[in-house]
Amino acid sequence: MLDTTNPNSYEYTTKHLELHILGGIKTNKLESMRITLSIQKLKHNNVLRHTLDLYNDNQVEKFARKVAERLEVGTSIVRRTLQDVTKELENYRFLLIEQYEEAHKPYYKELSATEEREAIKFLKRKDLLSKTNELIGKSGVIGEQTNRLLMYLIFTSRKTNNPLHCISLGSSGVGKTHLQSKVSELMPEEDKIEMTVLSANAFYYFNRTELQHRLILIEDLDGAESVLYPLRELQSKKRITKTVVHKDARGNTKTIHLTVEGPVSVAGCTTQESIYEDNSNRNFLLYIDESSEQDIRIMNYQRLISAGKINEEQEHKSRELLKDVQRVLKPIRVINPYAEHLELPQSVFKPRRTNSHYLQFIEAITYYKQYQREQHVNEETGEVFIETNIEDIEEANELIQEVLLRKSDLLNGACRSFFELLKAYLKANNQTTFTNVEIRRTLRINPSNQKRYMLQLQLAELVKRAKGDKRKGYVYEVLNYEDYETTNKQIKDLLQSIIDRLRGSK
C-alpha cells in the first residue's frame, strides 16, 4: 500500500523491500513517470538511491538487476515490486489531477427555483432601470447615480454579441477603482476576470473560448500599457491571434497560431485621460464625481461602517439578487426598428464610433428588459429576436447625455473640471479677471497641471490674457461662461426632439 502522508516522501513497503519516492511525483507530464527512488531491504541499512523513469522499460530492467545485485534480492521480486509501485503511483497521480481540476473548476451557481423566480420577477418590473439603480445603491455603491447604472448596463452587455467597454477617469484617490470593483461585485463570479499585473503576451495564452462573453476588469490601466494593443483588438475585432515558433517532441520547429476569441467587455481605471486616446475611442468615458457633496456622502458612509450601523445583510441580499438577475439573462438578438431615425449632435467628435456606441447602449437596455418583450421569429432564418421600443431610447438618452456632452467638449475631463471650478470661483467673488497664483492657491492646483489647463483654455479661446507681462505676471479673463451649458442644451434639445418625432410618428 502506498503511504502518501508525507507529500515529499511517499512510502511503499512489501514483505522484502522498503521504498521511498523522494520529492513526490509530477502531474504535468503523463507520458512519463520520472521519480527519485530510495530502496532498501527491510531491517537493513544498505540503501540504494536512483532517479529513473518507471515508464522506460530499459531503465527499469537495468535498475532491477542493480537492486538485486546490491541488496541480494531476487530480480523477480524487485521487478514485481517496481510494477506494483508503478501502478500505485499511477492511480495516485490520477487522483491528484482530479483533485486539482475540482479545486480549479470555474464556479457556477445553480439557481434554485425560488431564486430564479425572484430574479425574473424583478426583470419584469416596469420601472426596471430605476429599481436596478436603487438596488445598486442598497448594495453599497454610494452616490454616482448615473455612472453606477451606466457601468452596470455596460457590464451587462458582455452577454451580447456587441459588448460595450468603459474607462473610469478621475484624480488619484477619488474612488475610480472603488466604483468599478463595487459594481463588478454585482456580476456573477464565473463571468468576470480581474487583473492587476499583466505581461505583454498574457491574453494570447488563454484557452480559445475562455474569454468569450466575460467581463475583464483592469484595476490600473497605467500598469497595463503592454496589453493595450491586444485589448483594443479584442474590443474591435473580437479576437486576437499571435504566431509563435514551437518545437515538437522530435525537435522539429513549426509555426503555430494562438487565437483567443471574444467578444469581451473591458473596464479599467486611469488618471491619465490623454494617454489612452486610442482606447478611449472604443470606450465610454465615465468621469468620477469629485464634488464636495460626494466627499461628504462617502465620508458619512465610512463613519456608519465604523459605527456598525450599516445593514450588511441588506447589502448582501441586494448584491445576490442582482447577480441572480445577471444569471437568468439569456442570449437573444436585439433589433432596433427606430435606429435609422436616430442621430447624434454635430458637435460630437469621432461621430462614427460614438454613433455605434449609442446604438449598442440602446440595445443593451433592451437586452436587459428581455423578460418584458415579446419574442419574434425571423421567418427566413428562424432566429428569435426582441425589439427596442421608444422608452428604451428615452432612457438611453437620459443616461448617455453626459457621455455625449464630454465627447462634444473641446476640453478633456480634467481641464473641464478646472474650468468649471474657475468660473464658479469668479462668479462667487464677482470677479472678471484672475491671476494664476490666485487660482492656484484657491483651488489648490498643481502648478504644472494648471499651466497645461491654461494653455488648453487659451487654445480653445475660452480664456485670454487681459493685461500684464512675463516679468510681472499676466492677468486673465474668461471669454465664455456658457459654453458647456450651451452645448448641453443643444444635445438635450436634439435628443428630446428625436423622441418627440418618434412618438408623433406612431
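Notes on the structure in this doc start here. Given the structure is predicted, the values throughout are model-derived calculations rather than measurements.

**Thoughts on the overall build of the chain**
Then, number 1: A count of helices and strands for the chain gives 16 helices and 18 strands.
Then, number 2: Over its C-alpha trace the chain gives a radius of gyration of 32 Å, far above what one expects of a compact globule, namely 23 Å for 506 residues.
Then, number 3: Along the longest, intermediate and shortest principal axes, the C-alpha atoms of the chain span 105 × 70 × 55 Å.
Then, number 4: Out of the 506 residues in the chain, the part that is buried amounts to 44%.

**Digging into the layout of surface pockets**
Then, number 1: In this model, the largest pocket occupies a volume close to 1,500 Å³.
Then, number 2: Lining the largest pocket we find 48 residues, and of these Ile288, Glu290, Arg406, Gly413 and Ser417 sit closest to its centre.
Then, number 3: Mapped by element, the contributors of at least two residues to the lining of the largest pocket are helix 5 (145-156), strand 12 (284-287), helix 9 (292-306), helix 12 (390-408), helix 13 (413-428), helix 14 (436-443), helix 15 (447-459) and helix 16 (483-504).
Then, number 4: Of the residues in the lining of the largest pocket, the class split is 16 nonpolar, 20 polar and 12 charged.
Then, number 5: Empty space within the second largest pocket amounts to approximately 640 Å³.
Then, number 6: Lining the second largest pocket are 28 residues, and of these Lys159, Thr160, His213, Pro331 and Tyr367 sit closest to its centre.

**Some details on the pairing of strand 17 (residues 463-469)**
Then, number 1: With six bridges joining them, strand 17 and strand 18 (residues 473-478) adopt antiparallel strand pairing. Its bridge partner being in strand 18, Gly468 is matched across the sheet by Tyr474.
Then, number 2: The hairpin turn running from strand 17 into strand 18, its antiparallel successor, is three residues long.

**What about empty space enclosed by the protein?**
Then, number 1: Following the criterion strictly, the structure yields three cavities of 30 Å³ or more and no others.
Then, number 2: Considered as a void within the structure, the second largest cavity measures approximately 40 Å³ in volume.
Then, number 3: Phe284, Thr354, His357, Tyr358, Ile400, Val403, Leu404 and Lys407 are the residues that line the second largest cavity.
Then, number 4: The set of elements that each furnish at least two residues to the lining of the second largest cavity consists of helix 11 (351-368) and helix 12.
Then, number 5: Element by element, the count of residues in the lining of the second largest cavity is highest for helix 12, at four residues.
Then, number 6: A per-class count over the lining of the second largest cavity returns five nonpolar, two polar and one charged.

**What about the environment of Asp127?**
Then, number 1: In this structure, Asp127 sits in the loop between helix 3 (113-123) and helix 4 (128-138).
Then, number 2: On a C-alpha basis, the gap between Asp127 and Glu461 in space is 44 Å, while along the polypeptide they are 334 residues apart.

**Here we look at unusual backbone geometry**
What you tend to see is this: most non-glycine residues have negative phi, and most peptide bonds are trans.
Then, number 1: Here Gly262 and Pro263 are connected by a cis peptide whose omega angle stands at 0°.
Then, number 2: With respect to the helices and strands, the residue Pro263 is situated in the loop between strand 10 (253-261) and strand 11 (264-270).
Then, number 3: Of note in the backbone geometry, Glu461 takes a positive phi value of approximately 60° without being a glycine.
Then, number 4: Along the polypeptide, Glu461 turns up in the loop between helix 15 and strand 17.
Then, number 5: Judged by relative accessible area, which is 61%, Glu461 ranks as exposed.

**Details of the sheet that holds strand 7 (residues 192-195)**
By way of backbone hydrogen bonds, the strands of a sheet pair with one another, either parallel or antiparallel.
Then, number 1: Here we have five strands laid out as an open sheet, ordered 7-8-11-6-12, and parallel in their pairing. Looking at strand neighbours, the two that pair on one side only are strand 7 and strand 12, the edges of this open sheet. Recorded for the sheet is a direction-independent mean angle of 15° between the axes of neighbouring strands.
Then, number 2: Relative to strand 11, strand 6 (residues 166-169) is paired through four bridges, and the arrangement is parallel. Paired with Ser168 across the strands is Cys269, a residue of strand 11.
Then, number 3: Contacts between helix 5 and the sheet are confined to strand 6, strand 8 (214-218), strand 11 and strand 12, with strand 12 contributing the most and set at about 150° to the helix.

What counts and how
- Residues numbered from 1 in each chain as written.
- Predicted model: local features only at pLDDT ≥ 70, side-chain atom pairs only at ≥ 80, totals over all residues.
- Heavy atoms only, no water.
- Helix = DSSP H or I, 4+ residues; strand = E, 2+ residues; numbered from the N terminus.
- Rg over C-alpha atoms; globule rule 2.2 N^0.38 Å.
- Buried < 20%, exposed > 50% of the residue type's maximum accessible area, 1.4 Å probe, protein only.
- 1 Å grid on protein atoms, 1.4 Å probe; cavity = no way out; pocket = protein on both sides within 12 Å on 5 of 7 lines; lining within 4 Å.
- Points joined across faces, edges and corners; volume = space filled by probe spheres on them.
- Nonpolar A, V, L, I, M, F, W, Y, C, P; charged D, E, K, R; others polar.
- Pairing = 2+ DSSP bridges.
- Axes fitted to C-alpha atoms, helices over the stretch in contact; angles between N-to-C directions.
- Contact = heavy atoms within 4.5 Å.

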